[in-house]
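For reference, the chains in residue letters:
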Amino acid sequence: MSDPVNLLGLDSQALAALCEQWGERPFRARQLQRWIHQRHAGEFDQMSDLAKSFRARLQQQAEIRAPAIISDHTSSDGTRKWLLDVGAGNAVECVFIPESNRGTLCVSTQAGCAVNCRFCSTGKQGFSRNLRVDEIIGQLWHASRMLDEGQTRIGTDASPAADPVRAVSNVVFMGMGEPLQNYAATLSALHLMLDDNAYGLSRRRVTVSTSGVVPMIDRLREDCPVALAVSLHAPDDALRDQLVPLNRKYPLDELMQACRRYLSAAPRDFITFEYVMLDGVNDTDAHARALIALTRDVPCKFNLIPFNPFPESGLKRSPDARIKAFAMRLVDAGIVTTVRKTRGDDIDAACGQLAGEVQDRTRLRERMPVMLEVR
Ligand code: SAH
Ligand code: SF4
């Protein structure tokens, strides 16, 4: 008998196609999808409003399987980090950051990354493989399942509770990997995140972060425009070629044009530029001036990320005063600028220990999207 199909990896189209193939009516696919993604069912016998014969078939031929959790740590500030096993010795991180007005989940799309940015420990690991849809959406499924517990009132079988409180209100693709180099799986995962029968998130609350895969920025604009963050890190090609090797293929001029095109369809009227602050490398006033000139025609916000050092990088974090001065340059030019702040400090040690065990050196938590408004 063939392997069971993992329903977690099927977006609404794929689930509808499967149900059709099995002679089930289209609304069965939607019911099933709600059971999986909204009520976080892991077993088919929980799905009491599905016909017994359908459930029996599901039990035989399908499964709902998210990646196994290797570890689960919660910081005293509520930041929670899971390490997930994606097989063959590979592990990826997924982080939840609660704030008073939102809960943000940071997801990974690849084990390792082929872009190999100078300052990124994921890049230094090399590229292992693309995550599948079930492995990407499995991160949200796990997080929702655990975090919604106690918040979600499960209704009767026939009438699920209306408007349960959802802990995860925002998703950012800022974990391990380059989402636009795993485009098909990222796109299906995005569809599920936005789908009203799955997670029902608004486009504005889902952010794809990219190092600048220009053709795929255009594809995303056509296929599923969500909020876009672009990892810039340098104001000119000579420096960006060094820091983000992908720049040699898609230089800044092309990247800026792609950003402008994206804005025509984007759910937000700005691009977020991420900029890691590297002492003496990209953090001078001259760099700030060049950045202002570069982005003159692109409505944008800047998110400055204090570099998180790791042993073999040979780079240092810019001092706080330099980061502040840099931010003020941008602010004075009328650009909304935030400086990312660190959360979950007390689970650092645990993070480091795990790193040794499973060769995971991403220290993802430290580049999380928690922002501190400068102005
Ligand atoms: N590959 C995508 C998304 C994942 S990286 C991208 O590059 O945009 C998410 C963010 O973390 C990027 O802006 C990246 O530049 C930043 N980052 C990577 N390594 C970092 C480090 N050591 N310190 C601080 N930020 C880092
Ligand atoms: Fe890959 Fe992003 Fe790290 Fe660059 S910063 S190596 S694109 S994960």
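For every chain, the first residue of the written sequence is number 1, and numbering continues from 1 onward in sequence order. Each chain takes a letter, starting from A, and each ligand takes a number, starting from 1, following the order in which they are written. Thresholds applied to this predicted model are a pLDDT of at least 70 for local features of residues and 80 or more for the giving and counting of side-chain atom pairs; totals over whole chains, interfaces and linings are not thresholded and use all residues. Excluded from the side-chain calculation are hydrogens and water; included are all heavy atoms of the structure.

Here, proximity means that at least one heavy atom of the residue falls within 4 Å of the molecule or strand. The full set of residues close to ligand 2 is Cys113, Val115, Asn116, Cys117, Cys120, Gly123, Gly177, Glu178 and Ser211. Within the shell around ligand 2, the residues separate by chemical class into 4 nonpolar, 4 polar and 1 charged. The classification used treats Ala, Val, Leu, Ile, Met, Phe, Trp, Tyr, Cys and Pro as nonpolar, Asp, Glu, Lys and Arg as charged, and all other residues, Gly among them, as polar.

Let's shift gears to the packing of helix H7 (residues 214–223) against helix H9 (residues 252–263). Across the interface, H7 lies against H9 with an axial gap of 9 Å and an inter-helix angle of 0 degrees. The angle between the axes of H7 and H9 places the two elements in the roughly parallel class. Residues Val214, Ile217, Asp218, Leu220 and Arg221 of H7 pack against Glu254, Leu255, Ala258, Arg261 and Tyr262 of H9. For the contact of H7 with H9, the residue count by class is 6 nonpolar, no polar and 4 charged. Lines fitted to the C-alpha atoms define the axes, with helices restricted to the stretch that makes contact. Angles between their N-to-C directions range from 0 to 180 degrees. Here a strand is any run of E in DSSP of at least two residues, a helix any run of H or I of at least four, and the numbering for each starts at the N terminus. Angular relationships are summarised with four words: roughly parallel below 35 degrees, roughly antiparallel beyond 145, roughly perpendicular across 65 to 115, and oblique for the angles in between. Note on contacts: a residue pair qualifies if any of its non-hydrogen atoms lie within 4.5 Å across the two residues.

Right, let's get into the side chain of Glu274. Here Glu274 shows up in strand E12 (residues 271–277). In protein, a polar contact requires one atom able to donate a hydrogen and another able to accept it; more generally it is a pair of N or O atoms within 3.5 Å, and residues adjacent in sequence count only if both atoms are side-chain atoms. Within the structure, the side chain of Glu274 is placed 2.7 Å from the side chain of Ser209, a separation counted as a polar contact. Setting aside anything within four residues of it in sequence, one finds Glu274 in contact with Met174, Ser209, Ala229, Val230, Ser231, Leu232, His233, Asn303, Ile305 and Arg340.

Here a Phe, Tyr or Trp ring, Trp counted by its six-membered ring, pairs with any other such ring whose centre lies within 6.5 Å, and the pair is stacked when the planes are under 30 degrees apart, edge-to-face when over 60, and tilted otherwise. Per the stated rule, a full pass over the model turns up 5 aromatic pairs. Considering the side-chain rings of Phe273 and Phe302, the 5.5 Å spacing of their centres and the 45 degrees angle between planes classify their relative orientation as tilted. Of this pair, Phe273 sits in strand E12 while Phe302 is found in strand E13 (residues 300–306), placing the two residues 29 residues apart along the sequence. Take Phe273 and Phe302: they sit in the same class, and that class is buried. Taken together, the ring pairs in this structure connect Phe273, Tyr275, Phe302 and Phe326 into an aromatic cluster. The ring of Phe270 carries the charged tip of Lys301 above its face, separated from the ring centre by 4.3 Å. When a residue's accessible area, from a 1.4 Å probe over protein chains only, is under 20% of the maximum for its type it is buried; when over 50% it is exposed; and in between it is partly exposed. As a reminder, the over-ring test applies to NZ of lysine and CZ of arginine, requiring each to be within 6 Å of the ring centre and within 35 degrees of the ring normal.

In predicted models, pLDDT denotes the confidence assigned by the predictor to each residue on a 0 to 100 scale. Looking at the chain, pLDDT values average 89 and 86% of them are 70 or higher. Between residues 152–163, whose pLDDT stays under 50, and residues either more than four places distant or in other chains, the model counts 17 contacts. Segment residues 369–375 is flagged for pLDDT under 50; beyond a separation of four residues in sequence, or across chains, it makes 29 contacts in the model.

A few words on the environment of Pro251. Mapped onto the fold, Pro251 is located in the loop between helix H8 (237–243) and H9. For Pro251, a relative accessible area of 23% translates into the label partly exposed. Put simply, Pro251 and Asp237 are 14 residues apart on the chain and 6.3 Å apart in space, counted from C-alpha to C-alpha.

Of all 6 residues in strand E4 (residues 80–85), 5 are buried; the element is thus mostly enclosed. Whether two strands pair depends on DSSP finding at least two bridges between them. Sheet topology note: the strand E3 (residues 68–74)/E4 ladder contains 6 bridges and is antiparallel. Bridge assignment links Ala68 to a residue of E4, and that residue is Asp85. The antiparallel pairing of E3 with E4 creates a hairpin that spans 5 residues between the two strands, and Gly78 there sits at a positive phi of about 95 degrees. In this structure, the hairpin formed by E4 and strand E5 (residues 91–98) is closed by a connection of 5 residues, where Gly87 is found at a positive phi of approximately 90 degrees.

A few words now on the environment of Val206. Relative to the elements of secondary structure, Val206 occurs in strand E10 (residues 206–210). Here Val206 falls in the buried class, since its relative accessible area comes to 0%. Put simply, Val206 and Ser169 are 37 residues apart on the chain and 8.8 Å apart in space, counted from C-alpha to C-alpha.

What follows concerns helix H2 (residues 26–37). The length a helix should cover is 1.5 Å for every residue beyond the first. With 12 residues, H2 should reach 16 Å at 1.5 Å per residue; the first-to-last C-alpha distance of 17 Å fits that figure. What H2 keeps buried is the set Arg28, Ala29, Gln31, Leu32, Gln33, Trp35, Ile36 and His37. Considering only its buried residues, H2 is in contact with helix H1 (12–21), helix H3 (52–61), helix H5 (133–148) and helix H6 (183–194).

Our next topic: the nonpolar core. The nonpolar core is taken to be a set of buried Ala, Val, Leu, Ile, Met, Phe, Trp, Tyr and Cys residues, with the residues joined through side-chain atoms within 4.5 Å. The biggest cluster of nonpolar side chains holds 105 residues, and the ones touching the most others in it are Leu7, Leu32, Phe119, Met193, Phe273, Phe302 and Leu304. The greatest single-element share of this core, amounting to 8 residues, is contributed by H6. Taken domain by domain, this core gets at least three of its residues from each of domain 1 (5–63) and domain 2 (68–367). In this view, Phe273 contacts Val230, Leu232, Met256, Cys259, Thr295, Val298, Cys300, Lys301, Phe302 and Asn303; residues no more than four positions away in its chain are not counted. The next biggest cluster of nonpolar side chains, apart from the first, holds 6 residues, and it includes Val95, Ile97, Val172 and Met174. Domain delimitation in this document rests on an assignment produced automatically or drawn from a domain database.

With that settled, consider empty space enclosed by the protein. Put plainly, a pocket is an open set of points on a 1 Å grid over the protein atoms alone with protein on both sides within 12 Å along at least five of seven lines, a cavity is a set where a 1.4 Å probe fits but cannot get out, and a lining residue has an atom within 4 Å of a point. Grid points are joined across faces, edges and corners, and a volume is the space filled by probe spheres set on the points. In total, this model carries 2 cavities of 30 Å³ or more according to the counting rule given. Put simply, the second largest cavity is a space of about 60 Å³. Lining the second largest cavity, in full, are Leu140, Ser144, Asp148, Arg166, Ala167, Val168, Ala198, Tyr199 and Leu201. Its residues assigned to classes, the lining of the second largest cavity shows 6 nonpolar, 1 polar and 2 charged.

Here the focus is the pairing of strand E9 (residues 170–173). Looking along a regular strand, one sees side chains alternate from face to face of the sheet. The alternating pattern of E9 places Asn170 and Val172 on one face and Val171 and Phe173 on the opposite face, and all of these are buried. Note: strand E6 (residues 103–106) against E9, 3 bridges, orientation parallel. Considered in E9, the bridge of Leu105 is made with Val171. Relative to E10, E9 is paired through 3 bridges, and the arrangement is parallel.

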